[in-house]
Every structure is written in C-alpha cells, then in structure tokens.
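Here's the letter readout for the chains.
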Amino acid sequence: MKLVACTPERHAEAILAILNEAIVHSTALYDYQPRSMAQMATWFDTKRQHGWPVIGMEDEAGTLLGFASYGSFRNFPAYKYSVEHSVYVHQGHRGQGIGRLLMRALIDAARAQGLHMLVGVIDSANEGSKHLHADLGFVHGGTLRQAGFKFGRWLDIDFYQLILDTPLDPVDG
C-alpha cells in the first residue's frame, strides 16, 4: 500500500463510489442522495482552490482503498486555522489500519499548512471512528443531540478535535 495525492483524473470515480456507498448504506454522511460526477468535479476544484489535500491509499495495483481530506470548518475569517476533516475507507478494506494511516498523513499535512485544529464530526453511533480519533489524540469536544434525520430516525453527532502546535505565529486578519 502507498499514500498518494489524489487527482480528479485518476481518483474521482473511486472516491465517488466510496462516498456513495457511505451515503446509501450508512450514517457516515448525512446526505440522502448519491452524489454525481459533476459534484465530484466541484469538490475537487474547491479542494484545489483552497490548497486542501486529498490523500489516498492505493494498493499495489493502483486501486484506491480509501481517502482523507479537509475543508473549512466554518466560513468566517477567524476560523482560518481550523478545518473539518473526513476519512473514508472502501467497504471491502475497513479494519486494516488504512484509516489510521490516512489520518496520520492528514494530520501531517495540516501541520505543514500551519493549521491549528482538526475537527471531526462523527455520527455518535460510529464507535470505530470515535475510537480511531481518540487513539490519534483527538478529544471529544461535545455532542449535538438530534442534529440530523436519516433512515427514519434522529441522529446525534460528536465533535472530536485535535489541537496542533501550529501555526508558530498566528495573526488576525
């Protein structure tokens, strides 16, 4: 397995398949409808415009096993050092440590970009993701009860945060 920088040309279809599986079969994403290739193009364009990484894990044959990325936490200037991240692993490759490797690479990327906090918004029933985040040093920052409604029931979300030792010299504005 190897870490790669994902590109739309090489990875959009695989990322779309991973996301759509999560949308249709889980509460990992609170979307109702599968995403389109046009939405994926916009997603990649937004990542590129902001310099946000899309890190993938490929097997020896070049098949994408999972990916991780981050984007804006809230769209106000004072949040410029905070990002909300996500990590998704193909359903056939979960439980093999891929998510952990992707998260470590994402944390390294955030430090390199001078960010200060990563925020994970996790469905409260997703014990695997909560354990992964805790193992990587994230702390529970709070729970919002009944924040979403999917599959005929109310869903709670947990916020997990990792505060980094960067940036060295933060500035206003």
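The structure reproduced in this document is the subject of the present report. (Residues numbered from 1 in each chain as written. Predicted model: local features only at pLDDT ≥ 70, side-chain atom pairs only at ≥ 80, totals over all residues. Heavy atoms only, no water.)

### Quick word on the layout of surface pockets
Any empty space left between the atoms is revealed when a probe the size of a water molecule rolls over them. Here the largest pocket defines a volume of roughly 1,100 Å³. What lines the largest pocket is a set of 42 residues, among which Ala28, Ser86, Val87, Tyr88 and Ser129 lie closest to the centre. Broken down by secondary-structure element, the contributors of at least two residues to the lining of the largest pocket are α1 (8–25), α2 (37–50), β3 (64–72), β4 (82–89), α3 (98–112), β5 (117–123), α4 (127–135) and β7 (153–163). Among the elements that line the lining of the largest pocket, the one with the most residues is β4, at six residues. Of the residues assigned to the lining of the largest pocket, the class counts are 19 nonpolar, 16 polar and seven charged. (1 Å grid on protein atoms, 1.4 Å probe; cavity = no way out; pocket = protein on both sides within 12 Å on 5 of 7 lines; lining within 4 Å. Points joined across faces, edges and corners; volume = space filled by probe spheres on them. Helix = DSSP H or I, 4+ residues; strand = E, 2+ residues; numbered from the N terminus. Nonpolar A, V, L, I, M, F, W, Y, C, P; charged D, E, K, R; others polar.)

### Things to note about α1
Over its 18 residues, α1 runs 24 Å from end to end, which matches the ideal 26 Å to within 8%, given 1.5 Å per residue. Those residues of α1 that sit buried are His11, Ala12, Ile15, Leu16, Ile18, Leu19, Asn20, Glu21, Ala22 and Ile23. Where α1 is buried, its residues touch β1 (2–5), α2, β2 (54–58), β3, β4 and β6 (139–150). (Expected span 1.5 Å × (residues − 1). Buried < 20%, exposed > 50% of the residue type's maximum accessible area, 1.4 Å probe, protein only. Contact = heavy atoms within 4.5 Å.)

### Overview of the pairing of β5
Summarising burial for β5: six of the seven residues are buried, a large majority. Pairing of β4 with β5 involves four bridges; the strand directions are parallel. Bridge assignment links histidine 85 to a residue of β5, and that residue is glycine 120. Following the chain from β4 across α3 to the adjacent parallel β5, one finds a crossover that is right-handed. Here seven bridges tie β5 to β7, and the two strands are oriented antiparallel to one another. Note on β7: the bridge partner recorded for methionine 117 is isoleucine 163. (Pairing = 2+ DSSP bridges. Right-handed = clockwise from strand over helix to strand, strands pointing away.)

### Considering α3
Look at α3: 21 Å from first C-alpha to last across 15 residues, which is about the 21 Å you get at 1.5 Å a residue. Listed in full, the buried residues belonging to α3 are Ile98, Gly99, Leu102, Met103, Ala105, Leu106, Ile107, Ala109 and Ala110. A positive backbone phi angle near 70° is found at glycine 114, which sits one or two residues after α3.

### Some remarks on the side chain of lysine 150
Looking at the secondary structure, you find lysine 150 in strand β6. Comment: no salt bridge for buried lysine 150; closest opposite-charge side chain is aspartate 31, at 7.4 Å. Looking at lysine 150, its side chain comes within polar contact range of the main-chain oxygen of leucine 29, at 2.8 Å. For lysine 150, the contacting residues outside a window of four places in its chain are Ala22, Ile23, Ser26, Leu29, Tyr30, Asp31, Tyr32 and Leu155. (Lys, Arg positive; Asp, Glu negative; His and termini not counted. Salt bridge = Lys/Arg side-chain N within 4 Å of Asp/Glu carboxyl O. Polar contact = N/O pair within 3.5 Å; in protein donor to acceptor, adjacent residues only side chain to side chain.)

### Considerations on unusual backbone geometry
Looking along the chain, the bond that leaves threonine 166 and enters proline 167 is cis, with omega of -5°. For glutamine 146, which is not glycine, the phi dihedral falls at a positive 50°. Relative to the assigned elements, glutamine 146 resides in strand β6. Here phenylalanine 151, not a glycine, exhibits a phi torsion of approximately 55°, which is positive. Looking at the secondary structure, you find phenylalanine 151 in the loop between β6 and β7. Under the relative-accessibility criterion, phenylalanine 151 is labelled partly exposed at 44%.

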